Amino acid sequence: MNKVSFDPASPEFAARRAEARKALDALDPAKNQIPQTGPADPLRREWFEAVYALASDDPARVPWANLAPHPLLKAWVGAQARGISGLRTLDVGCGLGDNAECLAAAGARVVAFDFVAQAVDWAQRRFPNSNVDYRAGDLFALPDAWRGGFDLVHECYTLQALSKDLLPAALGALASLLAPGGKLLVISRARDEDSEVEGPPWPLPPSIFEEAKRQGLKPLAIEDITATADVGRRHWRALLGRADAA
Ligand SMILES: C[S@@+](CC[C@H](N)C(=O)[O-])C[C@H]1O[C@@H](n2cnc3c(N)ncnc32)[C@H](O)[C@@H]1O
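A quick note: this is a predicted structure, and the numbers were derived from the prediction, not measured.

Reading the values: rules and limits
- Residues numbered from 1 in each chain as written.
- Predicted model: local features only at pLDDT ≥ 70, side-chain atom pairs only at ≥ 80, totals over all residues.
- Heavy atoms only, no water.
- Helix = DSSP H or I, 4+ residues; strand = E, 2+ residues; numbered from the N terminus.
- Rg over C-alpha atoms; globule rule 2.2 N^0.38 Å.
- Buried < 20%, exposed > 50% of the residue type's maximum accessible area, 1.4 Å probe, protein only.
- Contact = heavy atoms within 4.5 Å.
- Areas by Shrake-Rupley, 256 points an atom, 1.4 Å probe, with all protein chains shown as cover.
- 1 Å grid on protein atoms, 1.4 Å probe; cavity = no way out; pocket = protein on both sides within 12 Å on 5 of 7 lines; lining within 4 Å.
- Points joined across faces, edges and corners; volume = space filled by probe spheres on them.
- Nonpolar A, V, L, I, M, F, W, Y, C, P; charged D, E, K, R; others polar.
- Axes fitted to C-alpha atoms, helices over the stretch in contact; angles between N-to-C directions.
- Parallel < 35°, antiparallel > 145°, perpendicular 65-115°, else oblique.
- Near = heavy atom within 4 Å.
- Polar contact = N/O pair within 3.5 Å; in protein donor to acceptor, adjacent residues only side chain to side chain.
- Pairing = 2+ DSSP bridges.
- Core = buried A, V, L, I, M, F, W, Y, C linked by side-chain atoms within 4.5 Å.
- Domains from an automatic or database assignment.

1. Considering the overall build of the protein chain
Check the secondary structure of the protein chain and you find 8 helices and 7 strands. Against the globule reference of 18 Å for 246 residues, the protein chain gives a C-alpha radius of gyration of 18 Å, in line with a compact fold. Seen along its three principal axes, the alpha-carbon backbone of the protein chain occupies a region of about 60 × 40 × 35 Å. A burial count over the protein chain gives 46% of its 246 residues as buried. Across the protein chain, contacts joining residues at least 24 apart in sequence account for 64% of those joining residues at least 6 apart. With the model as given, the accessible surface of the protein chain reaches about 12,300 Å², and the carbon-plus-sulfur share is 53%.

What follows is the structure, encoded as structure tokens:
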């Protein structure tokens, strides 16, 4: 019997991922104009729930799960001269938890949430001794207690999973989480403004930062990162602050 590999670099893991991707794409209303029979699901929550349920604890079947922090987050954390120790930090759409764990390993006090309860449960099982406070929660229905409560908010690949019409509200929600002087770190795939896009995911165009300004954020450092061996495609790594901060 062949051994099942949990090494994302192995061809066997990649083959399981490709097979799952095909099945998941076929289920995704955003890719197939599947008529909705039940209540409208603009957030694609049902599809995200299906991803984690169908994976049956096999991370190869979760398309974004690489069982390691995103290299652009890891490098950013390592480059912070003053460190992030003690910062009240929120990881948005945390998936299987690797990015939240990276922030916590650097000493941040991390809350991490995802609107799929099964993802949250899986992250907790992967990191049983974690200091991260994992929660189920929806970016569009945030607890009031979180508003203005974070020094650092991190999101990786959740904005690009949202249709264009949801982005203003999503950015507004992210802005509302920042404490005075707090910062939002966004990591996402990037594209030119006018390039064709066949999402999801929908790589973000430069105008996302204009929208961010309308939602009360100010760009502090916008990096347009070309594809490298580490990061297979063009990305934004963007740091934004509250527009009302000095
Ligand atoms: C593309 S995955 C990225 C996961 C993780 N950030 C990573 O980089 O591995 C997007 C994640 O965001 C979650 N998500 C999508 N919309 C959300 C929402 N409105 N509120 C909270 N989580 C959401 C999904 O369930 C999924 O786990």
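So that's the structure; there's more coming.
2. Remarks on the layout of surface pockets
In this structure, the second largest pocket encloses a volume near 310 Å³. When residues of the lining of the second largest pocket are traced back to their parent elements, those giving at least two are strand S4 (150-156) and strand S5 (178-189). The biggest single contributor to the lining of the second largest pocket is S5, with 4 residues. Tallied by class, residues from the lining of the second largest pocket come to 7 nonpolar, 4 polar and 3 charged.

3. Quick look at the packing of helix H4 (residues 71-79) against helix H5 (residues 98-105)
Running from N to C, H4 and H5 point in directions that differ by 10 degrees, and their axes come no closer than 10 Å. Taken together, the axes of H4 and H5 lie roughly parallel to each other. Judged by residue contacts, Leu73, Lys74 and Val77 of H4 engage Asn99, Cys102 and Leu103 from H5. Broken down by class, the residue content of the contact of H4 with H5 amounts to 4 nonpolar, 1 polar and 1 charged.

4. Some remarks on the site of the ligand
The immediate surroundings of the ligand are formed by 18 residues, with Tyr52, Gly93, Asp114, Asp138 and Cys156 found nearest. Here Leu139 contributes a backbone N or O atom positioned 2.9 Å from a nitrogen atom of the ligand. In this structure, an oxygen atom belonging to the ligand sits 3.2 Å away from a side-chain N or O atom of Thr158. Looking at the shell around the ligand, the elements that each hand over two or more residues are helix H3 (45-55) and strand S2 (109-114). Class assignment of the residues belonging to the shell around the ligand gives a composition of 11 nonpolar, 5 polar and 2 charged.

5. Brief notes about unusual backbone geometry
Cis geometry marks the peptide bond from Gly199 to Pro200; its omega dihedral reads -10 degrees. Mapped onto the elements of the fold, Pro200 is located in the loop between S5 and helix H8 (208-214).

6. Let's talk about the sheet that holds strand S6 (residues 217-225)
Backbone-to-backbone hydrogen bonds join strands into a sheet, with any given pair of strands oriented parallel or antiparallel. In spatial order, the strands read S3-S2-S1-S4-S5-S7-S6; together these 7 strands make up an open sheet with mixed pairing. This sheet does not close on itself; its edge strands, each paired only once, are strand S3 (133-136) and S6. Each adjacent strand pair in this sheet contributes to an overall mean axis angle of 15 degrees, direction not counted. Where strand S1 (residues 88-92) meets S2, 5 bridges bridge the pair, whose relative direction is parallel.

7. Observations regarding the nonpolar core
Within the largest apolar cluster, 46 residues are counted, with the highest numbers of intra-cluster contacts made by Leu90, Val153 and Leu159. Composition of this core by domain shows at least three residues from each of domain 1 (11-61) and domain 2 (71-242). Dropping the residues within four chain positions of it, Leu159 is found in contact with Leu167, Ala170, Leu171, Leu174, Val186 and Leu204. With 24 residues, the next largest nonpolar core counts Tyr134, Leu185, Ile225 and Leu239 among its residues.

8. Topic: the environment of Leu54
Note on placement: Leu54 falls in helix H3. Using a relative accessible area of 52% as the deciding quantity, one classes Leu54 as exposed. The sequence separation of Leu54 and Arg126 amounts to 72 residues, and the corresponding C-alpha distance is 18 Å. Residues contacting Leu54, with those up to four places away along its chain left out, are Leu24, Leu27 and Arg61.

9. What to know about empty space enclosed by the protein
Counted under the stated rule, the structure contains 1 cavity of 30 Å³ or more. Taken as a whole, the largest cavity holds about 50 Å³ of empty space. The wall of the largest cavity is formed by Leu159, Leu171, Val186, Ser188, Leu204, Ile208, Phe209, Ala212, Trp236 and Leu240. For the lining of the largest cavity, the secondary structure elements donating two or more residues are S5, H8 and strand S7 (235-242). In terms of residues, the lining of the largest cavity owes the most to one element, H8, which gives 3 residues. A per-class count over the lining of the largest cavity returns 9 nonpolar, 1 polar and no charged.

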